[in-house]
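# Report on the structure
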Amino acid sequence: MYAQMVKTGVEHIRSKDEMSPEERAFQDRIDADIKIEPKEWMPEAYRKTLIRQISQHAHSEIIGMQPEGNWITRAPTLERKAILLAKVQDEAGHGLYLYCAAETLGVSRDELLEQLNSGKAKYSSIFNYPTLTWADIGAIGWLVDGAAIMNQVPLQRCSYGPYSRAMIRICKEESFHQRQGYDAMTKLARGTPEQKQMAQDALNRWWWPSLMMFGPSDADSVHSAQSMRWKIKINSNDELRQKFVDQTVPQAEYLGLTVPDPDLKWNAERGHYDFGAIDWDEFYQVIAGNGPCNRQRLRTRVKAYEEGQWVRDAADAYAAKKAARAQVKAA
Amino acid sequence: MNAQDALVEYLLRLGDNALILGHRLSEWCGHSPALEEDLALSNVALDLIGQTQLWLNLAGEVEGRGRDADKLAYLRDARDFRNVLLVEQPNGDFAATMARQFYFDAWHYLLLHGLTGSTDPRIAEIAAKGLKEVTYHLERSQEWVLRLGDGTEESHRRMQSAVDDLWMYTGELFEGDEVDQVMVRDGIGPDPATLHEPWLGLVRATIEEATLTLPQPGWAQKGGKRGIHSEHLGYILADLQFLQRAYPNATW
Amino acid sequence: MTDKKEWPLWEVFIRSQHGLAHRHVGSLHAPDAEMAIMNARDVYTRRNEGVSIWVVKASDIAASSPGDKGPLFDPANSKVYRHPTFYEIPEELGHM
């Protein structure tokens, strides 16, 4: 997902008896589906975990602008160009909403960006893969945004007010992303033989990384259990992954494309698709910084930030001068 | 030059300016100084892409050879592009982008204002829609020129050198030729020369408020309107047109 | 790079087309009020959401403290007579 393997700093989940009165009251409110708001009392671990999770999500949106941005200048029609630019622009917006949500927890955007730029903070593994053809733009919208929505829709109900509200806004805007991706894939799948091949090739390359987005199985993870207890994680990774596969396979069939998994087959008894083993070695390598584009993505981000410094400083200096002039005038 | 040919040529100029500048601005997406600015620059680019579609579709319609905006944007070579040299200049640093934008916006604003009174109702309508967008573009680029000019020592230096470097591309905006003569004769568009004074007024006011020095009148680079471009345009088109050229007759 | 100060945070309020009051829609960073309004336009009205924008520096907002929630808001719970449904109106009178 956009936030993968978020640690909670918790080693075991405490029963209500073990909690302080404050913490018990806090947990009671969460159990009663009452939202937690910025200045209210919250356990330090809840606050820190949320900062990690929301900022990972924000970083993913910002880094995610690069693989798609790669094709803005080469989009094949004026309409596709406008759609893609509007989509990448939305991602900047989503990153912005999320950074603001994280800021309500007492951390600044600059601190979060510093963590990203220094390589300390993580972002989704998926954005470390390259966009090699135009079909990759369709595949990202269809698969990557499709996978993201699986996670984001339930997060609209999460326990932290500002995060939940950001998610509501994001989901409203995001539904266009998946549709435009599928629409672009449809055009290719119905197009010339070269276009169809381009679409199949994109599905081949993006399928497995999309399944990895959900993260490794967290059935036994204490962090996931704690996050679910706090209602900042709503479903398990395996649950969401299964839902994604079940939803996506018929969509691929409709396009006449083949999902690159020989073990994929409908299991009537379970009422779900069975699918093959995921290469978790690859996933951990990508997370550790060894994906095809990790270094490139980070370098691009750092460069934009550093080259923008003088601009941000200039605007600050101007604002200070203007305020000083206003003061002189008023005096 | 007959009236129809002149009109097609004129519409191509309007469309190509929007297309090439929109393309340049779209290059910023994800690389600008702040997230807020990524969103803002993309909005300007999206406005310009929208205007491109309107102008070039109309150009194709008047031409009557079955070319729509996409065919005109993606299947002409550099010599057939009619944008002014200013808009194809590279983004450079943020100051260069903002100087280019400000010079262009101030002119674009005055031009579209003139075009809202066009005798051709199709043109007047597109101009009226575009004018609302461009009024905001101008406001925004003006605000940035002020902040960069009157910001820090470094930003002042960068902004001054940007307004100086791009100055030689502004002369072309006001140079009329036989296409413009036909437009003026038929009441379709304003005489470019008449835009110069109000443009200079706008530019001077902002540049002076920004504590910058207005560049001296000098030699003007021109040729874009006739299809003689800088080397930059070829690379823009190599990007822009890649898929349409590599996969002819495919639909996307 | 962390010794640089960042643009202040602004809270954004937008009035939608339908004449309702300005509503808080989110926040953003901007160096000053003019840029904050322009950024709000670009960030929060991309889908035709608004006809008027207010921006307020987040640090200028005075807010009630969450700890006072009980004393501030609970007393209103017992003033049921403030709500129209408290009163029974004879049905034959119709809507009132």
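Summarised in this report is the structure supplied together with it. Everything numeric in this text was worked out from a predicted model, so none of it was measured.

### Let's talk about the layout of surface pockets
Its boundaries defined by the atoms lining it, the largest pocket holds a volume of some 1400 Å³. In terms of lining, the largest pocket is formed by 40 residues, of which the most central are Arg165 of chain A together with Glu11, His24, Gly26 and Ser27 of chain C. Among the elements of the structure, helix H3 (78-103) and helix H6 (161-189) of chain A together with strand E1 (9-15), strand E2 (23-29) and helix H2 (69-73) of chain C are those that each provide at least two residues to the lining of the largest pocket. When residues in the lining of the largest pocket are grouped by element, the largest group, 7 residues, is from H6 of chain A. Taken together, the residues that form the lining of the largest pocket break down as 19 nonpolar, 7 polar and 14 charged. Space inside the second largest pocket adds up to approximately 900 Å³. Lining the second largest pocket are 42 residues, with Met5, Val6, Lys7, Arg52 and Gln56 of chain A positioned closest to its centre.

### Points about the interface of chain B and chain C
Contact residues are listed per partner, giving 11 residues for chain B and 12 residues for chain C. Approximately 1200 Å² of surface area, both sides summed, lies buried where chain B meets chain C, with 61% of it carried by carbon and sulfur atoms. Three residues, Glu36, Tyr136 and Arg147 of chain B, lead the burial of chain B against chain C; their summed loss comes to 45% of the area buried on that side. At the boundary of chain B with chain C, the tally comes to 2 salt bridges.

### Re the environment of Leu203 of chain A
Structurally, the position occupied by Leu203 of chain A is in helix H7 (residues 193-212). Along the chain, Leu203 of chain A and Asp136 of chain A lie 67 residues apart, while their C-alpha atoms are 8.0 Å from each other.

### Side note on the pattern of salt bridges
Applying the stated criterion to the full structure yields 47 salt bridges over all chains. Here Lys231 of chain A and Asp33 of chain A are joined by a salt bridge, their closest N and O atoms 2.8 Å apart. Residue Lys231 of chain A is located in the loop between helix H8 (222-229) and helix H9 (237-255), and its partner Asp33 of chain A is located in the loop between helix H1 (21-31) and helix H2 (44-69); the two are separated by 198 residues in the primary sequence. Take Lys231 of chain A: its relative accessible area is 22%, and that puts it in the partly exposed class. Put simply, Lys322 of chain A, Glu143 and Arg147 of chain B together with Asp32 and Glu34 of chain C are held in one network by salt bridges that share partners.

### What about empty space enclosed by the protein?
Throughout the structure, instances matching the rule amount to 4 cavities of 30 Å³ or more. Estimates place the volume of the largest cavity at around 240 Å³. Around the largest cavity, the lining comprises 21 residues; the ones closest to its centre are Arg109, Leu113 and Arg312 of chain A together with Pro33 and Ala34 of chain B. No other element matches the 4 residues that helix H12 (residues 309-330) of chain A contributes to the lining of the largest cavity. Along the wall of the second largest cavity there are 16 residues; nearest its centre are Tyr10, Trp107, Leu111, Asp180 and Lys225 of chain B. Looking at the lining of the second largest cavity, the elements with two or more residues in it are helix H1 (3-26) and helix H5 (94-115) of chain B.

### A word on a positive patch on the surface
All names here are of chain A. Taken together, the side chains of Lys7, Lys48, Arg52 and Lys122 make up a positively charged region of the molecular surface. Residue position: Lys122 is located in the loop between helix H4 (109-117) and helix H5 (134-155). Residue classification places Lys122 among the partly exposed positions, given a relative accessible area of 36%.

### Observations concerning the sheet that holds strand E3 (residues 52-57) of chain C
Residues and elements named next belong to chain C. As summarised here, the arrangement of the 3 strands in space is E2-E1-E3, forming an open sheet in which the pairing is antiparallel. Edge positions in the open sheet fall to E2 and E3, since each of these has one partner strand only. Pairs of neighbouring strands in the sheet enclose a mean axial angle of 30°, with direction left out of account. Both E1 and E3 contribute to a ladder of 6 bridges, which runs antiparallel. Its bridge partner lying in E3, Ile14 is registered against Ile53. On the sheet, helix H1 (residues 33-44) packs against E1, E2 and E3 and is oriented at approximately 115° with respect to E2.

### A few points about the interface of chain B and chain A
With 47 residues of chain B at the interface, the matching set in chain A holds 46 residues. Between chain B and chain A the total buried area reaches about 4000 Å² when both faces are included, carbon and sulfur atoms providing 68% of it. Viewed at the interface, chain A and chain B are joined by 3 salt bridges. Our count for the chain B to chain A interface comes out at 18 residue pairs in polar contact (both at pLDDT 80 or more). Sorting the residues of the side of chain B that touches chain A by element identifies H1, helix H2 (35-63), helix H3 (69-74), H5, helix H6 (121-149), helix H7 (153-167), helix H10 (232-240) and helix H11 (242-246) of chain B as the ones contributing at least two each. Tallying contributions element by element places H2 of chain B first for the side of chain B that touches chain A, with 11 residues. The residue makeup of the side of chain B that touches chain A, split by class, is 22 nonpolar, 14 polar and 11 charged.

### Concerning H1 of chain B
Residues and elements named next belong to chain B. Compared with an ideal rise of 1.5 Å per residue, which puts 24 residues at 34 Å, H1 spans 34 Å between its outermost C-alpha atoms and is within 8% of the ideal. Counting buried positions over the 24 residues of H1 gives 21, a clear majority of the element. The backbone nitrogen of Gln4 has a side-chain oxygen 3.0 Å away, supplied by the residue at the start of H1, namely Asn2.

Rules used throughout
Residues numbered from 1 in each chain as written. Chains lettered and ligands numbered in written order. Predicted model: local features only at pLDDT ≥ 70, side-chain atom pairs only at ≥ 80, totals over all residues. Heavy atoms only, no water. 1 Å grid on protein atoms, 1.4 Å probe; cavity = no way out; pocket = protein on both sides within 12 Å on 5 of 7 lines; lining within 4 Å. Points joined across faces, edges and corners; volume = space filled by probe spheres on them. Helix = DSSP H or I, 4+ residues; strand = E, 2+ residues; numbered from the N terminus. Nonpolar A, V, L, I, M, F, W, Y, C, P; charged D, E, K, R; others polar. Contact = heavy atoms within 4.5 Å. Buried area = accessible area lost by both parts, 1.4 Å probe. Salt bridge = Lys/Arg side-chain N within 4 Å of Asp/Glu carboxyl O. Buried < 20%, exposed > 50% of the residue type's maximum accessible area, 1.4 Å probe, protein only. Patch = residues over 30% accessible without salt bridge, like charges linked within 9 Å, V, L, I, M, F, W, Y side chains within 5 Å. Areas by Shrake-Rupley, 256 points an atom, 1.4 Å probe, with all protein chains shown as cover. Lys, Arg positive; Asp, Glu negative; His and termini not counted. Charge placed at Lys NZ, Arg CZ, Asp CG, Glu CD. Pairing = 2+ DSSP bridges. Axes fitted to C-alpha atoms, helices over the stretch in contact; angles between N-to-C directions. Polar contact = N/O pair within 3.5 Å; in protein donor to acceptor, adjacent residues only side chain to side chain. Expected span 1.5 Å × (residues − 1).

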